[in-house]
Amino acid sequence: MNQEASYRDLLKEREALEQRIKDARRRELSAAVAKVRELVAEFELTPQDVFPSGRSTRATSTAGTKVPPKYRNPATGQTWTGRGKPPRWIQNEDREKFAI
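Residues numbered from 1 in each chain as written. Predicted model: local features only at pLDDT ≥ 70, side-chain atom pairs only at ≥ 80, totals over all residues. Heavy atoms only, no water.

Student: How do you make sense of the overall build of the chain when you look at a structure like this?
Tutor: Broken down by element type, the chain carries three helices and two strands. Beginning at the N terminus, the succession of helices and strands in the chain can be written as α-α-α-β-β. Of all 100 residues assigned to the chain, the portion counted as buried reaches 6%. Intrachain contacts of the chain at a sequence separation of at least 6 include 27% that bridge at least 24 residues. Summed over all atoms, the accessible surface of the chain reaches about 9300 Å², with 52% contributed by carbon and sulfur. (Helix = DSSP H or I, 4+ residues; strand = E, 2+ residues; numbered from the N terminus. Buried < 20%, exposed > 50% of the residue type's maximum accessible area, 1.4 Å probe, protein only. Contact = heavy atoms within 4.5 Å. Areas by Shrake-Rupley, 256 points an atom, 1.4 Å probe, with all protein chains shown as cover.)

Student: Help me understand the side chain of Asn 73, please; the structure alone is not making it clear to me.
Tutor: As for its placement among the helices and strands, Asn 73 is situated in the loop between strand S1 (71–72) and strand S2 (79–80). The exposure class of Asn 73 is buried, given its relative accessible area of 9%. Among the polar contacts made by the side chain of Asn 73, one reaches the side chain of Thr 76 at a distance of 3.2 Å. Apart from residues lying up to four places away in sequence, Asn 73 is in contact with Gln 78, Trp 89 and Phe 98. (Polar contact = N/O pair within 3.5 Å; in protein donor to acceptor, adjacent residues only side chain to side chain.)

Below, the structure written as structure tokens:
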């Protein structure tokens, strides 16, 4: 047997093996999906139970909402919510006199 024939034989074997792999995956995947559906039905799971988004419901409901200002500069009308770095006009001052 020459080198070329051996190479062709190996290619045919590879094709046959790839087909067997596809068939086995298809069978096992079908069994896995059936098992998952059985467990979902048995425990009455929701998609959120199985695939949580990673965020709590509280975080998603408050994300991106604006906070009303707590302080106002009477000279300029600028406001500050009390979160983050304080503006210059309130730094080192008694915040009570700026409370809204």
